[in-house]
Amino acid sequence: MAAHPEFLQETLRLLGVVQVNRATLELYGVGSKEELLAHLAELIPEEVFPLWRKELLAIWEGRHQFQGVGINRTASGRTIHMLLSWRVLPGHEGDYGRVLVSVLDITDRVEAEEALRAVNSAIRALSSTLDLSALLRLIHDEAKKLLNFDSFLVGLVDRGRGELQVALAVEAGEELEVPPIPLSPEQGPTAWVAVRGKPLFFSDLEREPPPVPFRQVGRKVRSWAGVPLVAQGEVIGVLSVQGFSPRRFGERERQVLLALAAGAASALRNAVLHSQARAVADKLRTVEELSRRMKLATSKAELYGLVLDAVEGFFDVPYCAIFEAQAAGLVLVAHRGYPRELEGLQLAFEEGRGITVAAFLSEQPIYVPDVRADPRYVAGLPTMGCELAIPISVAGRRFGVLNLEHERVDGIPPQDRDIMKIVASELAVALLSLERLEELRSLSERLASLHRAVQRLQRCTTEEEVLQTAVRVAQDILDFQICAIALAEGDVLVPKAAVGIPLSRTRCFRKGEGISGRTWQEGRALWGNIQDFPEAKPVEPSLFQSFISVPIGDFGNLQVAASRPDAFSRSDVELAEILAGHLREELQRVRLEAELREQAIRDSLTGLYNRRYLSEVLRREVQRARRYGRRLAVLIMDLDGFKLVNDRYGHLRGDQVLEGVARLIRGAVRESDLVFRYGGDEFVVILPETDTSARAVAARLRRRIARWAQEEGLDEVGLGISVGTAVWRPEDPLEPGELLRRADASLYRSKQRKRSKGGSTGQPEG
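Everything numeric here is computed off the predicted structure, so don't read it as measured data.

Peer 1: Whenever I open this one, the overall build of the chain confuses me. Can you help?
Peer 2: When helices and strands are counted, the chain shows 20 helices and 26 strands. For 766 residues, the compact-globule formula gives about 27 Å, and the C-alpha radius of gyration of the chain, at 59 Å, lies well above that figure. Across the chain, every contact between residues at least 6 apart in sequence was considered, and the portion connecting residues at least 24 apart equals 55%. As displayed, the chain has an accessible area near 39800 Å², and 49% of this comes from carbon and sulfur atoms. Positive and negative side-chain charges of the chain, numbering 100 and 106 respectively, have mean locations separated by a distance of 9 Å.

This is how it looks when you write it as structure tokens:
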């Protein structure tokens, strides 16, 4: 049969109609059996051949019943889809002479199935893209394949703005710009569908006025259909088609539009989410680039400018400001969008007003969707709808607040709020880095200055000079306004030098007493606010609010103070420790130098000044006597019988005698008098501002030594002392050497008299 289609035509002509009912006649659009037979060739087109082929095969196989689906036409030419059934009447099983045929019109069902397949194909096509613009045009194109319309619209719900944003509008093949539609049922059928979430169909707007307001835009619309786009139970938009003629959208179109809208809603939701994700990704890339640029910024002004430019350029936030934390409150230091008169606006902490202040004090971001409902709101402009305040803080360091406002209620979407938190965090890190960099730069400069100051310390020759230089360095270079140094004397710390406070107003501390004594005892630095240290005993409580106390090794400690709390940083402590370390080294140096100097001018046995130092001191004292017109006496003493002590008792005993005599001489003269061991058993005493009293001093020495010799059992060897004197007078000035020579001559005469008298004690001669 496939090879001979004419066979199908010839066999089809053999069919005859014996009887036909009224329903069949109506189905084919004819009035009688005769009319049906007359048009039979037209009513059974070639499209029926596949069905007829199946029927012939059933007859060939001897089946007496058959059912199949095929296509016929009506007398008017309309195609109908039919379900054809027949069975052979009894008695005609052999020749198929009488067959009862039943024809059922299934056109609606077939067309609905075809439409469903077309809709499914359209929905599959919609899943081919996530680009929102491309998807909207694809929805239009697929709808055009399924429906006959003149105008097309897709609107997307924007609940933040309270609007239906028209994403695509097409009329007569041309795209139109349509303004947003307020989300209110009174605004028209499109808004009604979006708000109610129900479809609307108008067959003829002219003859059947719609139950909702309808405003004609563009060409006059006669038929209108709109269905909600629902995704995951939420209306995300509206799909609407319009016709310029009436009755364009029947039940079929209704079902097609509802089915298409279901698939389009899912695709649109995915595309919107994808678009939002891409927008967020773009913003995150902006933040990443912003972060990179902030790391290269060299000033706060540059940082603030970068942040505000980014917010203004990439986020739909028309008003943005940076408030900087100062002592009493927040100060507006940089902004975009606000009037110039708001620059420098101050929000006091103590008043507690303002969402910005609340965010700073709580250290938590605050978002107020409707500022009109929040009593904390401080209006900068009367038209604001929402506000977002984010603290600029990191690691406990609070710099200020990043503040954003929008004229719309709830106008800052959640993803932008999250990104702004990242921006504020990155700004805080950049500010901290800038602050640390500035601290390092300042520390470097202070260290360089401290290094130069240490060179000044190294030039000091006395302990007092070292201490005075150190406190000046602390004030002038390290910027410590109040500084004091205390040195250990036994178990007590005694103040020795101070700046910013009179030394007379300082006090001594025992080891472990107060912060000063604790620092000395523990050998470690203490610093912070006075109120946090219960053991503190400040001499001026109103003056001392914060402090640094560092040990100077075992020598004592160095303290700095300020009249405000939190005045010092860790770097300040480190600088104070560095200064204290150098101070310890220099104190050790000058003390060692003093000790070495003493050793150089002292006699190792008696502890008296030595002969080498005598010439220096005598020259200095003569110059002083000449300058002030005063007298000066010199005594030279020699021990009598000292050789017998060494010969009889040995040199060890001789050394003990010299030590004892030295003590006696030292105790017999004034504290201002200078005593020297001249050599061997000879001693020299310089008596400033003395003349005739020198004889009395000499007599006193002879008596004490004689008494001491008797007590020591040395009188039997004749231990005693001979004394020679010389006096420098303004009216008879002598050179130091001549003065010493005259004293020596006097000693010689004294010893000569002793010998001439048989060893008796003689009087010294001047």
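The discussion continues.
Peer 1: How should the pairing of strand E2 (residues 79-88) be read in this particular structure?
Peer 2: In summary, the side chains of a regular strand alternate between the two faces of the sheet. Bridge count between strand E1 (residues 65-73) and E2: nine bridges; the pairing is antiparallel. Paired with Gly 70 across the strands is Met 82, a residue of E2. Bridging between E2 and strand E3 (residues 99-105) involves seven bridges; their strand directions are antiparallel. Across the sheet, the residue bridging to Met 82 is Asp 105, located in E3.

Peer 1: Mind showing me how you'd approach the sheet that holds strand E22 (residues 556-562) here?
Peer 2: Pairing between the strands of a sheet is mediated by backbone hydrogen bonds and can be parallel or antiparallel. Read from one edge to the other, the open sheet built from six strands follows the order E19-E18-E17-E22-E21-E20, with strand pairing classed as antiparallel. Taken across any chain shown, the strands that pair with only one partner, and hence form the sheet edges, are strand E19 (509-510) and strand E20 (526-529). Of the pairings in the sheet, the one linking strand E17 (residues 482-489) to strand E18 (residues 492-499) comprises seven bridges and is antiparallel in character. Opposite Ala 484, over in E18, you have Ala 498 as the bridge partner. The strands touched by helix H14 (residues 514-522) are E17, E18, E19, E20, strand E21 (546-551) and E22; relative to E21, the strand with the most contacts, the crossing angle is about 30°. Lying over the sheet, helix H15 (residues 570-601) contacts E17, E20, E21 and E22, oriented at roughly 40° with respect to E21.

Peer 1: I tried to follow the pairing of strand E9 (residues 223-231) on my own but got confused; where do I start?
Peer 2: When you tally the buried positions in E9, you get eight out of nine residues, the bulk of the element. When strand E8 (residues 200-202) meets E9, the two strands line up antiparallel, connected through three bridges. Its bridge partner lying in E9, Phe 201 is registered against Ala 225. Here E9 pairs with strand E10 (residues 234-243) via nine bridges, running antiparallel. Along E10, the bridge assignment pairs Ala 231 with Glu 234. Here E9 hands over to E10 after two residues, with Gln 232 in that stretch at a positive phi of 55°.

Peer 1: Whenever I open this one, the environment of His 92 confuses me. Can you help?
Peer 2: Assignment of secondary structure puts His 92 in the loop between E2 and E3. Of the residues examined, His 92 reaches a relative accessible area of 24% and is grouped as partly exposed. Each C-alpha atom, one on His 92 and one on Glu 407, is 89 Å from the other, the two residues being 315 residues apart in sequence. The residues touching His 92, leaving out its near neighbours within four places in the chain, are Gly 97 and Arg 98.

Peer 1: Hey, could you run me through the nonpolar core in this one?
Peer 2: For soluble globular proteins, the rule of thumb is that nonpolar side chains tend to be buried together. In this structure, Ile 485, Ile 552, Leu 558, Leu 579, Leu 583 and Leu 587 are the most contacted members of the largest nonpolar core, which totals 36 residues. For this core, the elements supplying multiple residues, two or more each, are helix H12 (414-458), helix H13 (463-476), E17, E18, E21, E22 and H15. It is H15 that provides the largest number of residues to this core, a total of eight residues. Those residues in contact with Ile 485 that lie beyond four places of it in its chain are Leu 467, Ala 470, Val 471, Val 494, Pro 495, Lys 496, Ala 497, Ile 552, Asn 557, Leu 558 and Leu 583. In this structure, Ala 310, Ala 424, Leu 427 and Leu 432 belong to the second largest nonpolar core, which totals 35 residues.

Peer 1: Whenever I open this one, the packing of aromatic side chains confuses me. Can you help?
Peer 2: Geometry of an aromatic ring pair is reported as the spacing of the ring centres plus the angle between the planes. In this structure the tally under the stated criterion is eleven aromatic pairs. Both rings, one in Phe 533 and one in Phe 547, keep their centres 5.0 Å apart while their planes meet at 80°; by these two values the pair is edge-to-face. With Phe 533 in the loop between E20 and E21 and Phe 547 in strand E21, the pair connects residues that are 14 residues apart, well separated along the chain. With a centroid separation of 5.5 Å and an interplanar angle of 40°, the aromatic rings of Tyr 609 and Phe 676 are classed as tilted. Here Tyr 609 is found in the loop between H15 and helix H16 (611-628), whereas its partner Phe 676 is found in strand E24 (residues 674-679), with 67 residues between them in sequence. The same class applies to Tyr 609 as to Phe 676, namely buried. Taken together, Phe 202, Phe 214 and Trp 224 form an aromatic cluster joined through their ring pairs. Cation over ring: Arg 398 sits above Phe 360, and NZ or CZ is 4.5 Å from the ring centre. The side chain of Arg 417 reaches across the aromatic face of Tyr 367, ending 4.0 Å from its centre.

Peer 1: When you look at the state of the cysteines in this model, what are you seeing that I'm missing?
Peer 2: By definition, a disulfide links two cysteine residues through a covalent bond between their sulfur atoms. Tallying each qualifying case throughout the model produces zero disulfides. Between Cys 483, a free cysteine, and Cys 460, which holds the nearest cysteine sulfur, the sulfur-to-sulfur gap is 14 Å. Unpaired in this structure, Cys 508 has its nearest cysteine sulfur neighbour in Cys 483, at a distance of 17 Å.

Peer 1: So what exactly am I meant to see when it comes to the environment of Pro 199 here?
Peer 2: Here Pro 199 shows up in the loop between helix H8 (189-196) and E8. Separated by 185 residues in sequence, Pro 199 and Leu 14 have C-alpha atoms that sit 53 Å apart. Every residue in contact with Pro 199, bar those within four places of it in the chain, is listed here: Trp 192, Gly 226, Val 227, Pro 228, Arg 254 and Leu 258.

Peer 1: Looking at this structure, I do not really get unusual backbone geometry. What am I missing?
Peer 2: Glycine aside, residues mostly have negative phi, and peptide bonds are mostly found in the trans state. Positive phi, close to 50°, is recorded for Tyr 96, a residue that is not glycine. If you trace the backbone, Tyr 96 turns up in the loop between E2 and E3. With a phi angle near 55°, Asp 410 is a residue other than glycine that sits in the positive phi range. Turning to its location among the elements, Asp 410 is positioned in the loop between strand E16 (397-406) and H12. Among the residues examined, Asp 410 registers a relative accessible area of 37% and is labelled partly exposed.

Peer 1: Explain the layout of surface pockets to me, please; I cannot follow it from the model alone.
Peer 2: Taking a probe equal in size to a water molecule and rolling it over the atoms shows the remaining empty space. Counted as a void, the largest pocket has a volume near 1500 Å³. The wall of the largest pocket is formed by 44 residues, among which Leu 15, Gly 16, Val 17, Val 99 and Val 101 lie closest to the centre. The set of elements that each furnish at least two residues to the lining of the largest pocket consists of helix H1 (5-13), helix H2 (22-28), helix H4 (40-43), helix H5 (49-60), E2 and E3. Top element by residues in the lining of the largest pocket is H5. It accounts for six residues. Among the residues forming the lining of the largest pocket, the class breakdown is 30 nonpolar, nine polar and five charged. The space that makes up the second largest pocket amounts to roughly 1200 Å³. Contributing to the lining of the second largest pocket are 35 residues, with Val 157, Asp 158, Val 272, Gln 276 and Gln 415 lying nearest its centre. Counting residues per element, the ones that place at least two in the lining of the second largest pocket are strand E4 (151-158), strand E5 (163-171), E10, helix H9 (251-295) and H12. Of all the elements, H9 adds the most residues to the lining of the second largest pocket, at eight residues.

Calculation criteria
- Residues numbered from 1 in each chain as written.
- Predicted model: local features only at pLDDT ≥ 70, side-chain atom pairs only at ≥ 80, totals over all residues.
- Heavy atoms only, no water.
- Helix = DSSP H or I, 4+ residues; strand = E, 2+ residues; numbered from the N terminus.
- Rg over C-alpha atoms; globule rule 2.2 N^0.38 Å.
- Contact = heavy atoms within 4.5 Å.
- Areas by Shrake-Rupley, 256 points an atom, 1.4 Å probe, with all protein chains shown as cover.
- Lys, Arg positive; Asp, Glu negative; His and termini not counted.
- Charge placed at Lys NZ, Arg CZ, Asp CG, Glu CD.
- Pairing = 2+ DSSP bridges.
- Axes fitted to C-alpha atoms, helices over the stretch in contact; angles between N-to-C directions.
- Buried < 20%, exposed > 50% of the residue type's maximum accessible area, 1.4 Å probe, protein only.
- Core = buried A, V, L, I, M, F, W, Y, C linked by side-chain atoms within 4.5 Å.
- Phe/Tyr/Trp six-rings, centres within 6.5 Å; stacked < 30°, edge-to-face > 60°.
- Lys NZ or Arg CZ within 6 Å of the ring centre and 35° of its normal.
- Disulfide = S-S within 2.5 Å.
- 1 Å grid on protein atoms, 1.4 Å probe; cavity = no way out; pocket = protein on both sides within 12 Å on 5 of 7 lines; lining within 4 Å.
- Points joined across faces, edges and corners; volume = space filled by probe spheres on them.
- Nonpolar A, V, L, I, M, F, W, Y, C, P; charged D, E, K, R; others polar.

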